[in-house]
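# Structural features, examined
Letter by letter, the chains look like this.
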Amino acid sequence: MKIKSQLNQIVTQALLDADIPANDIIVSDATRPEFGDYQFNGVMKLAKVLKKNPRAIASDIVKHINTTGMISKVEIAGPGFINIWLNNDWLSTEATNILNDSRVGVGIVEKPQKIVIDYSGPNMAKQMHVGHLRSTIIGDTLATLLTFLGNDIIRQNHIGDWGTQFGMLIAYLEEQNADTEHQNLKDLEQFYKNAKIRFDQSEAFANKAREYVVKIQQGDAHCLTLWKQFIESSLGHCEEVYSKLGVNLTHDDVRAESFYNSELPNIIKILKDKNISTNSNGAECVFLEGSDAPVIVQKGDGGFLYATTDLAALKFRATNLEADRICYVVDARQAGHFKQVFAISKQAGMVGNDVNLEHIAFGTMMDKSGKPFKTRDGGTIKLIELLDEAIIRAKATIEKREDYSEEKFNEIAYAIGIGAVKYADLSISRESNYLFSWEKMLSFDGNTALYLQYGYARIQSIFRKHNAKLTGNIVIGDELEHRLALMILKFEDTLTKASIEATPHTITTYLYDLTTLFMRFYEQNPILKEGVTEDVKMSRLQLAQLTANVIEQGLEILGIKVVDKI
RNA sequence: GCACUCGUAGCUCAGCUGGAUAGAGCACCCGCCUUCUAAGCGGGCGGUCUCAGGUUCGAAUCCUGACGGGUGUACCA
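So, here is what we can say about the structure in this document. None of these values were measured; they are calculated from a predicted model. (Residues numbered from 1 in each chain as written. Chains lettered and ligands numbered in written order. Predicted model: local features only at pLDDT ≥ 70, side-chain atom pairs only at ≥ 80, totals over all residues. Heavy atoms only, no water.)

## Points about the layout of surface pockets
- Taken as a whole, the second largest pocket holds about 1300 Å³ of empty space.
- Forming the boundary of the second largest pocket are 48 residues, of which K4, D29, K490, D493 and T494 lie nearest the centre.
- Per element, the largest residue contribution to the lining of the second largest pocket is eight residues, and it comes from helix α18 (residues 491-501).
- Per-class residue counts for the lining of the second largest pocket are 15 nonpolar, 15 polar and 18 charged.
- Of the residues that make up the lining of the second largest pocket, three or more belong to each of domain 1 (3-86) and domain 3 (389-557). (1 Å grid on protein atoms, 1.4 Å probe; cavity = no way out; pocket = protein on both sides within 12 Å on 5 of 7 lines; lining within 4 Å. Points joined across faces, edges and corners; volume = space filled by probe spheres on them. Helix = DSSP H or I, 4+ residues; strand = E, 2+ residues; numbered from the N terminus. Nonpolar A, V, L, I, M, F, W, Y, C, P; charged D, E, K, R; others polar. Domains from an automatic or database assignment.)

## Regarding the protein's contact with RNA strand B
- Around RNA strand B, 62 residues are found, and the nearest of them are K299, R401, D445, R458 and Y522.
- Within the side chain of Y306, an N or O atom sits 2.7 Å from a base nitrogen of RNA strand B.
- At 2.2 Å from a base nitrogen of RNA strand B is found a main-chain nitrogen or oxygen belonging to Y522.
- Going through the elements one at a time, α2 (43-50), β4 (81-86), β8 (283-286), β13 (434-435), α16 (449-466) and α19 (504-524) are the ones with two or more residues in the surface near RNA strand B.
- Among the elements that line the surface near RNA strand B, the one with the most residues is α16, at eight residues.
- Residue classes in the surface near RNA strand B are distributed as 28 nonpolar, 16 polar and 18 charged. (Near = heavy atom within 4 Å. Polar contact = N/O pair within 3.5 Å; in protein donor to acceptor, adjacent residues only side chain to side chain.)

## Overview of helix α6 (residues 165-175)
- Burial runs high along α6: eight of the 11 residues are buried.
- Listed in full, the buried residues belonging to α6 are F166, G167, M168, L169, I170, A171, Y172 and L173.
- Residues of α6 that are buried make contact with α7 (188-201), α8 (203-218) and α9 (221-245). (Buried < 20%, exposed > 50% of the residue type's maximum accessible area, 1.4 Å probe, protein only. Contact = heavy atoms within 4.5 Å.)

## Focus on unusual backbone geometry
- A positive phi is found at N275, a non-glycine position, where the angle reads about 55°.
- You can see N275 is positioned in the loop between α10 (264-273) and β7 (277-280).
- Here E322, not a glycine, exhibits a phi torsion of approximately 55°, which is positive.
- For E322, the position within the fold is in the loop between α11 (306-319) and β10 (325-331).

## Topic: the environment of D89
- By the secondary structure assignment, D89 is in helix α4 (residues 88-97).
- The spacing of D89 and I71 is 18 residues in sequence and 9.8 Å in space, taken between C-alpha atoms.

## Here's the deal with the pairing of β4
- Along β4, five of the six residues are buried, which leaves the element largely enclosed by surrounding structure.
- Strand direction decides the pairing type here: strand β2 (residues 38-40) and β4, joined by three bridges, are antiparallel. Paired with F40 across the bridge in β4 is I82.
- As defined by bridge partners, strand β3 (residues 71-77) adjoins β4 across six bridges and the pair is classed as antiparallel. Looking across to β4, one finds that V74 is bridged to I84.
- The turn linking β3 back onto β4 is made up of three residues, and G78 within it adopts a positive phi angle of 55°. (Pairing = 2+ DSSP bridges.)

Printed below as a string of structure tokens:
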């Protein structure tokens, strides 16, 4: 339900009917319950332009606001605020209507876009670690969200499969002998370490590794075979993580760095032809306004850099993939880099002016002491181990709660553990650094996945008891039910906002508020208890059902599973 | 040096396209279970929104400056 745009229209019409020039009329959420459901604050500004008393203008507008449909009451308050209450009958009708809607009342965007989302992007020469977590989780949520709203999403996993480290790894792979094939790649972590040790120990090996870098780049068949074998194996490990995380990235979404290799000389040619780049100290550079350091697109030795690859990728995405919007879900520290390549790509015409380029930046994950998240000895924490620990901790959290079957116990712990990790990440505003805390993320209290899952499970419990068809209509009986119904109907506006601003935490905040509201409703308004009339019972059951539907759908967009029982 | 970014309750964070008395959670204190999952709910305590100016009828929000933290900054990605 698009509530805000409907209200905007009603208020705009009221202004027009009152002969007041109206443009960009925006109604906002009321700041307090006693101020109604929504408020319009634009009168004071209008008063200045029109040189009239704001309360007089407000009164004029209010007279023309249509209160026969969704709005029940309008009031002028303070210097000229217009407070708006929604009609209970309208709320109940709209809410009842979406009871059997699989989209819980959420429509499709008017103008679907083709959107490329670049996320995860692990380096094949390393095991996935916590540094890849945020990009993977935030990116996947955006992809799911934008798809749900009706856009055409192209996921791009820009894996790092090219560069000097691969010489070392390939040399080691060959030294270990290829006939054992994937066997010696089973424990990739150990493989990386061993290769590094060999590299540091043996000068001969180190030289061979450097030689291999050149060979790979020259397209030596034998080396390329080994390289491909290595990449496949490393990617397999990533997919293990994706699967455990419940992230929708597949082999088909992989468009590796090396994919753009053949295009790189052309990128340089375009930049040279358009006089965008110049040679400086032997390197091909682009000097952008407002910055003293250049963007180097080709090294003095002829090698290319990641700026070049990113330009090629931008060109490919805008031209071949025909994207309207391209989102890069990458660490905030890369902000400067993206600002530069975005500017160059537009200047060089590699990307059309109408294409929206966005760096979806996120902050660093910190530990309790406020330092970047590392193991005790300063190493990076492997993602797969973090996820396994989350599941173990989830088990500890719920083990005393109920007698579960082994299978059920594992299923619930998985949903809670992985959900906790994802939710903790998504619920913080993405640009700020975030503090990693097991205690906080696995708590039943506060804004956590577990609280929402618990709320959902409580509702399922009600329906296990009720276990019969829902009939009748929703009837709003009190203030709490009014707010709950409205909150349910705000789902679409929330998703829309989150999709435009690329802010998953908008969704988590909403779901948390919804669940809190439901818990209060549930405490105060009995559903299946003695003395509740059939009509009221049915109405409340439907509100409970809708709440569960929104929680489930909302969490699904966040990539988090619900469970019937906790 | 220059650029970017952040500074809100003891702690973790919302709010920032200007609006009414700045909100949550944790922690702490006090209440509420013979009845739908009390791992819940209600109430209380807690703030010069880093500081100083400016714009405005109105500033946590916008502008300038200062202080403090983080990050980036010519051939890694």
